[in-house]
Amino acid sequence: MGRWAKIQPQDGDAVVHCGHRTVRGGHFWKSDPPVQFRRPDGTRGEALFIYACDPCSVKAGGDPARLEIKGDGKWMGNAPAILADD
């Protein structure tokens, strides 16, 4: 197993994602400033973290700004979960 990334989402942090959250081998980015977004119901939000599965990351050329965001959620827990890039 690799080493843990220095920056980890914390309990309650908002995360936007590609919609494929059950796919292993995903990619995480921390956004500073937070990503601003609007949900289909018109409500707005912001997220510190962006997640994409590997196929979506490849499709976007590894650029989180080019990802097609499908949803948002709240991170649960404080245990390390994100591995550092090698």
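Note: the structure precedes this text.
Cut-offs used in this document
- Residues numbered from 1 in each chain as written.
- Predicted model: local features only at pLDDT ≥ 70, side-chain atom pairs only at ≥ 80, totals over all residues.
- Heavy atoms only, no water.
- Helix = DSSP H or I, 4+ residues; strand = E, 2+ residues; numbered from the N terminus.
- Rg over C-alpha atoms; globule rule 2.2 N^0.38 Å.
- Contact = heavy atoms within 4.5 Å.
- Areas by Shrake-Rupley, 256 points an atom, 1.4 Å probe, with all protein chains shown as cover.
- Salt bridge = Lys/Arg side-chain N within 4 Å of Asp/Glu carboxyl O.
- Core = buried A, V, L, I, M, F, W, Y, C linked by side-chain atoms within 4.5 Å.
- Buried < 20%, exposed > 50% of the residue type's maximum accessible area, 1.4 Å probe, protein only.
- Pairing = 2+ DSSP bridges.
- Axes fitted to C-alpha atoms, helices over the stretch in contact; angles between N-to-C directions.
- Lys, Arg positive; Asp, Glu negative; His and termini not counted.
- Polar contact = N/O pair within 3.5 Å; in protein donor to acceptor, adjacent residues only side chain to side chain.

A. Region of interest: the overall build of the protein chain. In terms of regular secondary structure, the protein chain is built from one helix and four strands. Along its sequence from the N terminus, the protein chain presents helices and strands in the succession β-β-β-α-β. In terms of overall dimensions, the protein chain is globule-like: its C-alpha atoms have a radius of gyration of 13 Å, near the 12 Å expected for 86 residues. Across its three principal axes, the protein chain shows a C-alpha extent of roughly 40 × 30 × 25 Å. Pairs at least 24 apart in sequence give 67% of the contacts found in the protein chain among residues at least 6 apart. Summed over all atoms, the accessible surface of the protein chain reaches about 6,200 Å², with 51% contributed by carbon and sulfur.

B. Region of the structure containing the pattern of salt bridges. This model, assessed by the stated rule, comprises two salt bridges. A salt bridge links lysine 70 to glutamate 68, with the nearest nitrogen and oxygen atoms 3.3 Å apart.

C. The nonpolar core, seen in detail. Cys18, Cys56 and Leu67 are the most contacted members of the largest nonpolar core, which totals 18 residues. Mapped by element, the contributors of at least two residues to this core are strand E1 (14–17) and strand E3 (44–52). Examining the composition of this core, we find that five residues originate from one element, E3, more than from any other. Ignoring any residue separated from it by four or fewer positions in sequence, one finds leucine 67 in contact with Trp29, Ile50, Ala52, Cys56, Ser57 and Ala60.

D. Examining the sheet that holds strand E2 (residues 27–38) more closely. Spatially, the four strands line up as an open sheet ordered E2-E3-E1-E4, and their pairing is mixed. Every other strand in the sheet has two partners, leaving E2 and strand E4 (71–74) as the edge strands with one partner each. Here the strands of the sheet are splayed against their neighbours by 35° on average, with no regard to which way each runs. Inspection of the sheet shows E1 paired to E3 by three bridges, in the parallel sense. By the bridge assignment for E3, histidine 17 is matched with tyrosine 51.

E. Quick look at the side chain of aspartate 13. Structurally, the position occupied by aspartate 13 is in the segment before E1. Buried aspartate 13, no salt bridge; nearest opposite-charge side chain is lysine 30, N-O distance 7.1 Å. Only 2.8 Å separates the side chain of aspartate 13 from the backbone nitrogen of glutamine 10, close enough to count as a polar contact. Non-local contacts of aspartate 13, meaning those with residues more than four positions away in its chain, are made with Leu48, Phe49, Gly73, Lys74 and Trp75.

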